[in-house]
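Summary of the model geometry
So the chains spell out like this:
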Amino acid sequence: MKLEQASRKRAKIRLGLQGPSGSGKTYSALLLAYGLCGNWSKIVVIDTEHHSAELYAHLGNYYVLHIGAPFTPEKYIEAIQLCEKSGMEVIVVDSISHEWESSGGILDIHSNMAGNSFTNWSKLTPRHNSFIQTILQSNAHIICTIRSKQDYVLQEKNGKQVPEKVGLKGITRDGMDYELTVVFDIDIKHNCNASKDRTNLFCNAPEFKVTIDTGKKIAEWCNANHVVNETEPLTIEELVAVCNTYEELVILFGTLEEADKTKHKSLFNQRAQTIQQPVSSAEIIHSLPKPSTNGTSNSTTA
């Protein structure tokens, strides 16, 4: 156990693509995956959709791992771990809905269990949570496609009311969106918007279609370097220059080694004479001048 400097470079995206059948979830997931890593051979699709991932083999030489019923949480976990061991950088789980609502999924297991329904959930929830934790703790980027319940609304086209398929609530356990970094909702016309976005890249953005550039944009966010200890340390001259109050200057002076205090005393004196916010006498290092109202020193130099 040790403390580490926060670094977004260690972050891996957890992204959900949610939409009805035919909205382009798998295709969009592949474009995002390539944008994230730029290498088709480092992308794998865990396919629960009867080989549908292979429909887009013309895009590149990505890998496919087929799993079938029963769609237990443990089978998903095993598949993700196999992909990690194979060195995959982006894992597309297409789809996670089967783990919740399909043959051998959580709801199916629950419906076939004897005994008290509430007690049975206490046995199943840890299994589902293990699946979620496997996604969250993976050392690869994870893209999860999520089926949504379908409905039809009437839309006017050419003066006629035409039924159009729309997506509703995602088929997975409530709260799954809280676990993901980004959730894209895709409609039947392949238009996309972010219903959740912790990257702030897509907040309040108009509808868009997912492209490879969308993945690149997310990759750039993941790789953004905001780590203090990976930059060159500020020099004493630079540290003095950014002191805006006399108190800050005094504190900085107190952190220096004696040799540096002697070496840079004139630099501190010069900066002290430009600061018009003296602190109480108890906080003043006597080797520093206290600025007067006319901008000159009231004490001897350091």
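Scroll up to find the structure.
Below is a short write-up of the structure. Keep in mind the model is a prediction, meaning the values are calculated, not measured.

With that settled, consider the overall build of the protein chain. For the protein chain, the helix and strand inventory stands at eleven helices and eight strands. Per-residue burial over the protein chain gives 41% buried out of 302 residues. Considering only contacts in the protein chain between residues 6 or more positions apart, those separated by 24 or more positions represent 57%.

The next thing to look at is the packing of helix α9 (residues 246-255) against helix α11 (residues 265-272). Taken N-terminus to C-terminus, the directions of α9 and α11 make an angle of 170°; their axes are 10 Å apart at the nearest point. When the axis of α9 is compared with that of α11, the two are roughly antiparallel. Together, Tyr-246, Leu-249, Leu-252 and Phe-253 of α9 and Phe-268, Arg-271 and Ala-272 of α11 make up the contact between the two elements. A breakdown of the residues in the contact of α9 with α11 according to their chemical character gives six nonpolar, no polar and one charged.

All right, on to the environment of Phe-202 then. Relative to the helices and strands, Phe-202 is located in the loop between β8 (192-197) and α7 (212-223). Expressed as a C-alpha distance, the spacing of Phe-202 and Thr-214, which sit twelve residues apart in the sequence, is 9.8 Å. The contacts of Phe-202, once residues within four sequence positions are left out, are Phe-184, Ala-194, Asp-197, Phe-208, Thr-214, Lys-217 and Ile-218.

Given two aromatic rings, their pairing is described by the distance between the two centres and the angle made by the two planes. Throughout the structure, instances matching the rule amount to nine aromatic pairs. With a centroid separation of 5.0 Å and 90° between ring planes, the pair formed by Phe-184 and Phe-202 is classed as edge-to-face. Of this pair, Phe-184 sits in strand β7 (residues 182-186) while Phe-202 sits in the loop between β8 and α7, placing them 18 residues apart in sequence. The class for Phe-184 is buried, based on a relative accessible area of 0%. Centre to centre, the rings of Phe-184 and Phe-208 are 5.5 Å apart; their planes meet at 85°, and the pair counts as edge-to-face. Of this pair, Phe-184 sits in strand β7 while Phe-208 sits in the loop between β8 and α7; the two residues are 24 residues apart in sequence, bridging distant segments of the chain. Each member of the pair, Phe-184 as well as Phe-208, is classed as buried. What links up through ring pairs into an aromatic cluster is the set Tyr-34, Trp-40 and Tyr-62.

Moving on to the environment of Lys-265. Within the secondary structure, Lys-265 is located in helix α11. Overall, Lys-265 belongs to the partly exposed group, its relative accessible area being 35%.

Another point: the side chain of Ser-52. By secondary structure assignment, the location of Ser-52 is in the loop between β2 (43-47) and β3 (63-66). With residues near it in sequence (within four places) discarded, Ser-52 still touches Thr-26, Asp-47 and Asp-94.

Pairing geometry for β7 and β8, over five bridges, is antiparallel. Note that in β8 the partner of Ile-186 across the bridge is Cys-192. In this antiparallel pair of consecutive strands, β7 and β8, the connection spans five residues, and His-190 shows a positive phi of 70°.

Let's shift gears to the layout of surface pockets. Taken as a whole, the largest pocket encloses approximately 370 Å³ of empty space. Around the largest pocket, the lining comprises 18 residues; the ones closest to its centre are Gly-22, Gly-24, Lys-25, Thr-26 and Tyr-56. Per-element tally for the lining of the largest pocket: the top contributor is helix α1 (residues 25-37), with five residues. Grouping the amino acids of the lining of the largest pocket by side-chain chemistry returns five nonpolar, eight polar and five charged. Residue lining of the second largest pocket: 13 residues in total, with Ala-11, Lys-12, Arg-14, Thr-181 and Arg-198 positioned closest to the centre. Counting only elements with at least two residues in the lining of the second largest pocket, the list comes to α6 (176-179) and α7. Grouping the amino acids of the lining of the second largest pocket by side-chain chemistry returns seven nonpolar, one polar and five charged.

Calculation rules
Residues numbered from 1 in each chain as written. Predicted model: local features only at pLDDT ≥ 70, side-chain atom pairs only at ≥ 80, totals over all residues. Heavy atoms only, no water. Helix = DSSP H or I, 4+ residues; strand = E, 2+ residues; numbered from the N terminus. Buried < 20%, exposed > 50% of the residue type's maximum accessible area, 1.4 Å probe, protein only. Contact = heavy atoms within 4.5 Å. Axes fitted to C-alpha atoms, helices over the stretch in contact; angles between N-to-C directions. Parallel < 35°, antiparallel > 145°, perpendicular 65-115°, else oblique. Nonpolar A, V, L, I, M, F, W, Y, C, P; charged D, E, K, R; others polar. Phe/Tyr/Trp six-rings, centres within 6.5 Å; stacked < 30°, edge-to-face > 60°. Pairing = 2+ DSSP bridges. 1 Å grid on protein atoms, 1.4 Å probe; cavity = no way out; pocket = protein on both sides within 12 Å on 5 of 7 lines; lining within 4 Å. Points joined across faces, edges and corners; volume = space filled by probe spheres on them.

No statement about biological role is implied by the geometric values presented.
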